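# Analysis of the macromolecular model
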Amino acid sequence: MRLPGGVDAAFVALFTRIAWVVLIVAVPAAARAAEVDIEVVDGQGRPLPDAVAIASPANPGAAREVARPPDGTEVIDQIDKQFVPYVKVIRAGTWVRFPNKDNIRHHVYSFSPAKRFELPLYAGAAAPPVLFDKPGVVVMGCNIHDWMVGYVYVSESPYFGKTGDDGRTVLANLPPGDYAIRIWHPDLIAAEESTARTVRLAEADARREAWKIEVKPSLKPRRGPSETKGLGYH
Amino acid sequence: VCACACVYVLAAGAAIDCRPARAEWLTDVGAGARFDNNVAGAESGTDVHSDLAATAQVTSGPVYALGDDGGTLLALAADLRVEAWSRYGGLSNAALGAQMGLDRKLGLGRGRPHLFADASVSRVQFDNAIRDGWLLSVDGGARLPVGDRIDGHALAGIDWRRGRGGTDLVPGLPADVFDQASRFLRVGGDLRATGQLSLQIDLSARYGDASYTETVEPGDDFDGATAVAHDPVFGPAAFVERVRARSETLRLGAAWMLGAGSSLVASFERQIAHSTAGDLFARSALTLDLVVRFE
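Position labels on residues start from 1 in each chain and follow its written sequence. Each chain takes a letter, starting from A, and each ligand takes a number, starting from 1, following the order in which they are written. Thresholds applied to this predicted model are a pLDDT of at least 70 for local features of residues and 80 or more for the giving and counting of side-chain atom pairs; totals over whole chains, interfaces and linings are not thresholded and use all residues. Only hydrogens and water are removed before side-chain values are computed, so all heavy atoms of the structure are retained for them.

A few words now on the packing of aromatic side chains. All names here are of chain A. Here is the rule: rings of Phe, Tyr and Trp (six-membered ring for Trp) pair when centre to centre is within 6.5 Å. Planes less than 30 degrees apart are stacked, more than 60 are edge-to-face, and the remainder are tilted. Following the criterion strictly, the structure yields 10 aromatic pairs over all chains and no others. Here the aromatic rings of Phe117 and Phe132 are separated by 5.8 Å at their centres, their planes lie at 80 degrees, and the arrangement is edge-to-face. Here Phe117 is found in strand 11 (residues 117–122), whereas its partner Phe132 is found in strand 12 (residues 130–132), with 15 residues between them in sequence. Phe132 shares its class with Phe117; the two are buried. An aromatic cluster of three or more residues is present, and its members are Tyr86, Tyr151, Tyr153 and Trp184. Only DSSP runs of H or I reaching four residues or more are called helices, and only runs of E reaching two or more are called strands; each is numbered from the N terminus. Exposure classes here rest on a 1.4 Å probe applied to the protein chains alone. A residue is buried below 20% of its type maximum, exposed above 50%, and partly exposed in between.

This is the structure in structure tokens:
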């Protein structure tokens, strides 16, 4: 019997059985997964938002997960002449859309070695998605509004997180094994590699790790008026 | 006032016509105070008068991104400024004008140099009619960002002031003291000290007409003056003279960001003017303004 659209009913039945088997095997595996609760503070001990935590697995089992390509398309908005979010973490191989939700045009670009791209002046959702296929940090800007700066952290590992205002993030669903966990932040003074530490996770482990990192004072370009004469951007 | 409005409307219309770009509309509203230790621009001690003014300003207009790369911006603005001086009310004035600025970034990205050109025209009305007139200015220059913290700039320009003139007092000397023209050069920089604080420094040199007021005693002449008029703002024996002069001005400024669109801006200016006969006058001014930007 053929279903509408030309799909064979026997094929559907086989697919359903396979899906159940995968579910039965995968659920216990997920239950055994470990997690790491990460806290990042700055040199003064204050919670540090927008810090990226990446766990790179050393064991082969987790490495298989690393090899799996990412799904879906991520989004970085432009709202009120700012990139939202300011820092975005994605896996290498992810497509990202850049919808412009302002009622003016933006011109998004990056010169970063991990991804050079340019989305010429556009409004709305007219810009095509961008593929970030190489791990590294991508710094983005707008050619009209020089104060607009945003970051895409392209991770080689599927295990990552970004701290919120409380300076915390949780790396969940980590298969047991050894991991090198490192921290990155736009204002990080030291090299990213210097923050790395090795963590061994057992089944169903729930660990808590804390980092204290030195960051430069934030120097986001100004966007308010700075002189009492004239308008414009200079 | 009508002429200013016409210039503004025509320029805005031309910009809309030449490129159907979506414009940003920026409005700056500011209020503050200005202290000047020598409002008369006088040379000698008894003629030096200090005063304090309350100031307010509104500047509003569109900014258009021209071309395909967002590197060319055309800014148009209408501008209203008011100064109310406390002791010398004749200096209180209101100016209504229009500005146009074109900025071209050479290349893509934040650290690229810019070339710019600006023009402005305004009508200024004083409580003292002899000072009423038109102010016109054009300038052009370059701006160069240096790293993440510093912007340097250099520009050259010309400005004109067209005054109403008074009654001729001295044979051979006109009374159009406030008909003036000057050329100027300015270099400066802007340092982003912290995320909230930016510091500015500007050095400018001006050559052309300048005016200063002094009390004239019987027997005094107006040697070196190219125009002279009675100046009732500073008393019955005060005369304002126009001379050829050069001056240097140092401006130090600081802008403290209070939020995404508002700043507290303070500045200090020191101007020293020289005529062919020697030092003419020195004056210093302090200003403090709260400026709020609406986008």
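Here the narrative resumes, following the displayed structure.
With that settled, consider the sheet that holds strand 12 of chain A. Residues and elements named next belong to chain A. Across the sheet, which stays open at both edges, the 3 strands sit in the order 5-9-12 with mixed pairing between neighbours. Of all the strands in the sheet, the pair left with one neighbour each is strand 5 (73–75) and strand 12. The mean inter-strand angle of the sheet, taken between neighbouring strand axes irrespective of direction, is 35 degrees. With 3 bridges joining them, strand 5 and strand 9 (residues 94–97) adopt parallel strand pairing. The partner of Glu74 across the bridge, within strand 9, is Val96. By the convention used here, strands pair only if DSSP detects at least 2 bridges between them. Each axis is a line fitted through C-alpha atoms, taken for helices only over the stretch in contact, and angles between the N-to-C directions span 0 to 180 degrees.

Residue and element names in this part refer to chain B. As judged from the 11 bridges shared by strand 8 (residues 180–192) and strand 9 (residues 197–215), these two strands associate in the antiparallel manner. Its bridge partner being in strand 9, Ser182 is matched across the sheet by Gly208. The hairpin formed by strand 8 and strand 9 contains 4 residues between the paired strands. The pairing of strand 9 with strand 11 (residues 238–259) spans 19 bridges and is classified as antiparallel. Among the inter-strand pairings, Arg206 is bridged to a residue of strand 11, identified as Ser247.

Turning to a nonpolar patch on the surface, a few remarks are in order. All names here are of chain B. What goes into a patch is any residue over 30% in relative accessible area without a salt bridge, connected to like charges within 9 Å or, for nonpolar side chains (Val, Leu, Ile, Met, Phe, Trp, Tyr), within 5 Å. Here, Shrake-Rupley sampling with a 1.4 Å probe gives the accessible areas, and only protein chains in the shown set may cover a residue. Within this document, salt bridges are pairs made up of a side-chain nitrogen of Lys or Arg and a carboxyl oxygen of Asp or Glu, the two lying within 4 Å of each other. Judged by side-chain polarity, Val29, Val58, Leu80, Val82 and Phe294 come together as a nonpolar surface patch covering roughly 370 Å² of accessible area. With respect to the helices, strands and loops of the structure, Phe294 is situated in strand 13 (residues 278–294). For Phe294, a relative accessible area of 48% translates into the label partly exposed.

As a further point, take the sheet that holds strand 16 (residues 168–174) of chain A. Residues and elements named next belong to chain A. Reading across the sheet, the 3 strands line up as 16-3-19 and stay open at both edges, with mixed pairing between neighbours. In this open sheet, the two edge strands, each paired with only one partner strand, are strand 16 and strand 19 (206–212). Within this sheet the neighbouring strands show an average axis-to-axis angle of 20 degrees, counted without direction. Note: strand 3 (residues 34–41) against strand 16, 5 bridges, orientation antiparallel. When the sheet's bridge partners are listed, Asp37 is paired in strand 16 with Val170.

Applying the stated rule across the entire model yields 23 salt bridges over all chains. Note that Glu24 of chain B is salt-bridged to Lys81 of chain A, the shortest N-O span being 2.4 Å. Placement of the pair is Glu24 of chain B in strand 1 (residues 24–36) and Lys81 of chain A in the loop between strand 6 (77–79) and strand 7 (82–84), with the two residues belonging to separate chains. The class for Glu24 of chain B is buried, based on a relative accessible area of 6%. Across the pair Arg81 of chain B and Asp79 of chain B runs a salt bridge whose closest N-O atoms are separated by 2.8 Å. Note on Asp79 of chain B: relative accessible area 7%, which makes it buried.

Right, let's talk about the pairing of strand 8 of chain B for a bit. Pairing of strand 7 (residues 150–163) of chain B with strand 8 of chain B involves 12 bridges; the strand directions are antiparallel. Paired with Ala156 of chain B across the bridge in strand 8 of chain B is Leu185 of chain B.

In this text, buried Ala, Val, Leu, Ile, Met, Phe, Trp, Tyr and Cys residues form a nonpolar core when linked through side-chain atoms within 4.5 Å. Within the largest apolar cluster, 27 residues are counted, with the highest numbers of intra-cluster contacts made by Phe98, Phe117, Leu119, Phe132, Val138, Met140 and Val152 of chain A. Among the elements of the structure, strand 11, strand 12, strand 13 (136–142) and strand 14 (149–155) of chain A together with strand 2 (51–66) and strand 3 (72–85) of chain B are those that each provide at least two residues to this core. Looking at this core, the element that brings in the most residues is strand 11 of chain A, giving 4 residues. Throughout, a residue-residue contact means that at least one pair of heavy atoms, one from each residue, lies within 4.5 Å. For Phe132 of chain A, the residues in contact, after removing those within four places along its chain, are Ile90, Arg91, Ala92, Gly93, Thr94, Val96, Phe98, Lys115, Phe117, Val138, Val152 and Val154 of chain A.

Residue and element names in this part refer to chain A. Here Pro129 shows up in the loop between strand 11 and strand 12. By relative accessible area, which is 28% here, Pro129 ends up partly exposed. Along the primary structure Pro129 and Glu74 are separated by 55 residues, whereas in three dimensions their C-alpha atoms are 9.1 Å apart. With near-sequence residues (within four places) excluded, Pro129 lies in contact with Trp95, Val96 and Arg97.

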